Amino acid sequence: MKVTRVLVLAGLSSLLSACLATGSNGQSSTVGDATPAPVVAKSGKSANKFQLYVGSTTKGTVTNTTKKGKKTTSNTVKQDVAVNSGNVTYYTTGPVVSQEDVRTAFVAKTALDQPALALRLNDAGNARLNSALKQVKAATVLASMNDSVFSTVNSSGAKLEDGVLLLPMPTLLAARDAADLIRKNK
């Protein structure tokens, strides 16, 4: 009985010391190749241009349908605009939401208590974003400032809650800085 207890305690202590030596907390945390760049402010009249893209990692086509009265028209657009985020290239049809579609930008937290940039979009921006998310399979929403992607969220995370889009950010300070830049350019 005493030998078993000693062996169990020795095994647990060696596991604990191995965890402390490697800095592991039992959860694996790896940074993927799609890590977006930080938000970088630029000076000048046309600086700090904010845009949202909806894209996927494979090229394809998107069919847009518009309805005016009883008339329905549809056109097919190729996803040939390449947007880079880290080492991953996403293909889009171009910007879906621009600076003018953002009503307010503020700091928030996600449901998992992670820092986020929250964007309240106008009705036209909401409609375009929802339409683009429905049309692109395995969609990713890419937030871009000065032609550099600073945040990505998959289509399930891009569902608007009360008209607010939450974009994950590395820190609350980064989210605050991005919100300040977006508000300044309004």
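Residues numbered from 1 in each chain as written. Predicted model: local features only at pLDDT ≥ 70, side-chain atom pairs only at ≥ 80, totals over all residues. Heavy atoms only, no water.

Q: Explain the environment of Val 141 here, please?
A: With respect to the secondary-structure elements, Val 141 resides in strand 8 (residues 140-145). Given the relative accessible area of 0%, Val 141 is considered buried. Apart from the residues lying within four places of it in its own chain, the contact partners of Val 141 are Leu 52, Tyr 53, Val 54, Leu 129, Leu 133, Ser 151, Thr 152, Val 153, Ala 158 and Leu 165. (Helix = DSSP H or I, 4+ residues; strand = E, 2+ residues; numbered from the N terminus. Buried < 20%, exposed > 50% of the residue type's maximum accessible area, 1.4 Å probe, protein only. Contact = heavy atoms within 4.5 Å.)

Q: What is the right way to read the pattern of salt bridges from this model?
A: Two side chains carrying opposite charge are able to pair once their charged atoms lie near each other. By the definition in use, this model includes 5 salt bridges. A salt bridge links Asp 101 to Arg 128; the shortest N-O distance between them is 2.2 Å. One end of the pair, Asp 101, is in the loop between strand 5 (88-98) and strand 6 (102-109); the other, Arg 128, is in helix 2 (residues 123-135), with 27 residues separating them in the sequence. We classify Asp 101 as buried; its relative accessible area is 7%. Here Arg 128 falls in the partly exposed class, since its relative accessible area comes to 35%. The partner of Lys 109 in a salt bridge is Asp 113, and the shortest N-O contact between them spans 3.6 Å. With relative accessibility at 42%, the residue Lys 109 sits in the partly exposed group. Among the residues examined, Asp 113 registers a relative accessible area of 53% and is labelled exposed. (Salt bridge = Lys/Arg side-chain N within 4 Å of Asp/Glu carboxyl O.)

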